[in-house]
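Examining the three-dimensional arrangement
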Amino acid sequence: MAVAKAQGFPLEPAMPARVAAAELRVHLRVPLELALAKDFGSAEYETLLDLAARTNLTVPDEHELGFREVLNAWLRVARDRESAEALRRLQPVVADVVIARDRGRGPEVYGEVSSISANGRLNFRGGHGLGTSPHRVTRIIRPSEGDYPEQLRQAREYAAAIHSNPHQITQVDEAQLAPWLVGGPATPAAVEALRNALETAEDERAMQQVLEKHPALLGGAVVGNHGTWVRPQVQFGNNYMADFLIAGQTSLGMRWVLVELESPVSRMSNPGNRRATMTLRHAVDQIEDWRRWLSSNLHYARSARANNGLGLPGITAEAPGLIIMAREDADDAAAEIRELTQRRTQIMVRTYDWLMRLNEEPDPIRRSALALGN
């Protein structure tokens, strides 16, 4: 008001502050060298009228606005009034769960309220810009309500699913995995144990046992410049258990591989039609089942509450799979099967002979070249 008075420019005392500022910018556009657009369309003004009607806001006629700067100011005032009215109606507090409309992310957005911005925006726990305007909220669930635990779970899973860079984890997250850290390549004794198991094994149980006893045999299967972890027998909910999970930490973050073991005496392809065997198809289905479970339980899987208090930080539902099965056999259409399976499912199929070569290679550079993805 003081600036307007000094300029001899009348402002109504009841004019919203945002609009008053816009009117002053228009008035001073020449001395301040402001490039302000003058034209705007009738469709934009109709949007303002629609918002104004919903918020009981009286706005000037279209020809009185003059500049787009003023139109945009009235639009912001109308949106602020809409948010304020929604806040009065909802009375949200931290820890409430809200369900909102958001066409940008899908028909419904779930969020656990972590704070409320000065402009009324509801910010969600999980960071990364998650939140919504209060007028988009269709339901609010208080901690005292019966279905709050389930709605809270959905909100946290929603936040985990759209995490922009889940592979970047904290030191606290990494500390959860300390019991499974692999210190270096497999020892000669471990390699000999693998060779002996392969000579006598009739099923995958013997291979599971030797790899659990010597996890470094699997650690070399992934690139982990900043650490490698091998976890056996990882439970996914009540129905699934992975034989192993391997995690490699690189400059890009934590990368997980889902591992399914099959018998070394199995085959990848049928002798007659050279198609994938039932054993291989079952192994692929297993990994796909784990991924489906992860897609609905990412927050839980990553959190410290999972797997007896030890979660899987940085894991995603798109984690690549690894099936280790069979021996190399000229009659087995292994190369064709491996290529097809990896292209279709992002699941790599390798033989136990590959695992032996990986661990027998003394040169670390050549050993790295044998690892997955290289």
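Think of each chain on its own: its residues are numbered from 1, step by step along the sequence as written. pLDDT decides what is reported in this predicted model: residues at 70 or higher carry local features, side-chain atom pairs at 80 or more are listed and counted, and totals for whole chains, interfaces and linings draw on all residues regardless. Hydrogens and water are ignored here; the side-chain numbers use all heavy atoms of the structure.

**Description of the overall build of the protein**
Helix and strand labels come from DSSP, where a helix needs a run of H or I of at least four residues and a strand needs a run of E of at least two; each type is numbered from the N terminus. When its secondary structure is counted, the protein shows 16 helices and 11 strands. We compute the radius of gyration from the C-alpha atoms alone; for a globule the expected value is 2.2 Å times N to the 0.38, where N is the number of residues. Taken over the C-alpha trace, the protein has a radius of gyration of 30 Å; the compact-globule value for 374 residues is 21 Å, which it surpasses by more than 25%. For the C-alpha atoms alone, the extent of the protein along its principal axes is close to 95 × 50 × 45 Å. Residue exposure (1.4 Å probe, protein chains only): buried if accessible area is under 20% of the type maximum, exposed if over 50%, otherwise partly exposed. Counting the 374 residues in the protein, one finds 45% classified as buried. Across the protein, the fraction of contacts at a sequence separation of at least 24, relative to all contacts at a separation of at least 6, is 63%. Of the roughly 19700 Å² of accessible surface on the protein, 50% is carried by carbon and sulfur atoms. Across the protein, 43 positive and 47 negative side-chain charges occur, with their mean positions spaced 3 Å apart. Pairs of residues are marked as contacts when any of their non-hydrogen atoms sit within 4.5 Å. The Shrake-Rupley method, run with a 1.4 Å probe sphere, supplies the accessible areas, and residue values consider only the shown protein chains as cover. In summary, the charge assignment counts Lys and Arg as positive and Asp and Glu as negative, without counting His or the chain termini. Where a charge lies is defined by one atom per residue type: Lys uses NZ, Arg uses CZ, Asp uses CG and Glu uses CD.

**Re helix 11 (residues 278–296)**
Under the 1.5 Å per step criterion, the end-to-end length of helix 11 is 27 Å for 19 residues, consistent within 8% with the ideal 27 Å. When we look at burial in helix 11, the residues that qualify are Leu280, Ala283, Val284, Ile287, Asp289, Trp290, Arg291, Trp293 and Leu294. Here a helix's expected span is defined as the number of its residues, less one, multiplied by 1.5 Å.

**Digging into the sheet that holds strand 9 (residues 253–261)**
In spatial order, the strands read 6-7-8-9-10-11; together these six strands make up an open sheet with mixed pairing. The open sheet is flanked by strand 6 (181–182) and strand 11 (347–350), the only strands paired with a single partner. A pair of strands counts as paired when DSSP detects no fewer than two bridges linking them.

**Some points on the nonpolar core**
Only buried Ala, Val, Leu, Ile, Met, Phe, Trp, Tyr and Cys residues count toward a nonpolar core, and they belong to the same one when joined by side-chain atoms within 4.5 Å. Phe236, Leu245, Trp256, Leu280, Ile315 and Ile323 are the most contacted members of the largest nonpolar core, which has 34 residues in total. Taken together, the elements giving at least two residues each to this core come down to strand 7 (228–236), strand 8 (240–250), strand 9, helix 11, helix 12 (298–302), helix 14 (334–345) and strand 11. For isoleucine 315, the contacting residues outside a window of four places in its chain are Leu245, Trp256, Leu258, Leu294, Leu298, Ala301 and Arg302. In terms of nonpolar packing, the next biggest core, distinct from the first, is built from 30 residues, Ala190, Leu211, Leu218 and Leu355 among them.

**Quick notes on the packing of aromatic side chains**
When two rings of Phe, Tyr or Trp (its six-membered ring) have centres within 6.5 Å they constitute a pair, described as stacked for plane angles under 30 degrees, edge-to-face for angles over 60, and tilted for the intermediate range. Taken as a whole and judged by the stated rule, the model has three aromatic pairs. Summarising the aromatic geometry, the rings of phenylalanine 236 and tryptophan 290 are spaced 6.0 Å apart at their centres and angled 55° between planes, so their arrangement reads as tilted. Of this pair, phenylalanine 236 sits in strand 7 while tryptophan 290 sits in helix 11; the two residues are 54 residues apart in sequence, bridging distant segments of the chain. For tryptophan 290, a relative accessible area of 0% puts it in the buried group. Throughout this description, the term charge over a ring refers to an Arg CZ or Lys NZ atom that lies within 6 Å of the ring centre and within 35 degrees of the ring normal. Residue placement shows arginine 231 over the ring face of tryptophan 180; its charged tip is 4.0 Å from the ring centre. Its end group placed over the ring of tryptophan 354, arginine 350 keeps NZ or CZ at 5.9 Å from the ring centre.

**Focus on the packing of helix 3 (residues 42–54) against helix 5 (residues 68–90)**
Helix packing geometry: the angle between the two helix axes and the distance between the axes. For helices, the axis comes from a line fit to the C-alpha atoms of the stretch in contact; other axes are also lines fit to C-alpha atoms, and the angle between any two N-to-C directions lies between 0 and 180 degrees. Packing of helix 3 against helix 5 brings their axes to within 9 Å, and their N-to-C directions diverge by 30°. When the axes of helix 3 and helix 5 are compared, the pair comes out roughly parallel. Pair helix 3 / helix 5 crosses with left-handed handedness. Two secondary-structure elements touch here, helix 3 through Glu44, Tyr45, Thr47, Leu48, Leu51 and Arg54 and helix 5 through Arg68, Leu71, Trp74, Leu75, Ala78, Arg79 and Glu82. Residue polarity is assigned by list, with Asp, Glu, Lys and Arg as charged and Ala, Val, Leu, Ile, Met, Phe, Trp, Tyr, Cys and Pro as nonpolar; anything else, Gly included, falls into the polar class. When grouped by side-chain class, the residues that make up the contact of helix 3 with helix 5 number seven nonpolar, one polar and five charged. Should an angle fall under 35 degrees it is taken as roughly parallel, and over 145 as roughly antiparallel, whereas 65 to 115 is taken as roughly perpendicular and any remaining angle as oblique. Crossings are sorted by hand: turned counterclockwise from the far helix by less than a right angle, the near helix makes the crossing left-handed, and turned clockwise it makes it right-handed.

**Looking at unusual backbone geometry**
At alanine 95, a residue that is not glycine, the phi angle is positive and equals roughly 90°. The class of alanine 95 is partly exposed, set by a relative accessible area of 22%. Even without being glycine, glutamine 233 reaches a positive phi, approximately 50°. On the secondary structure map, glutamine 233 appears in strand 7.

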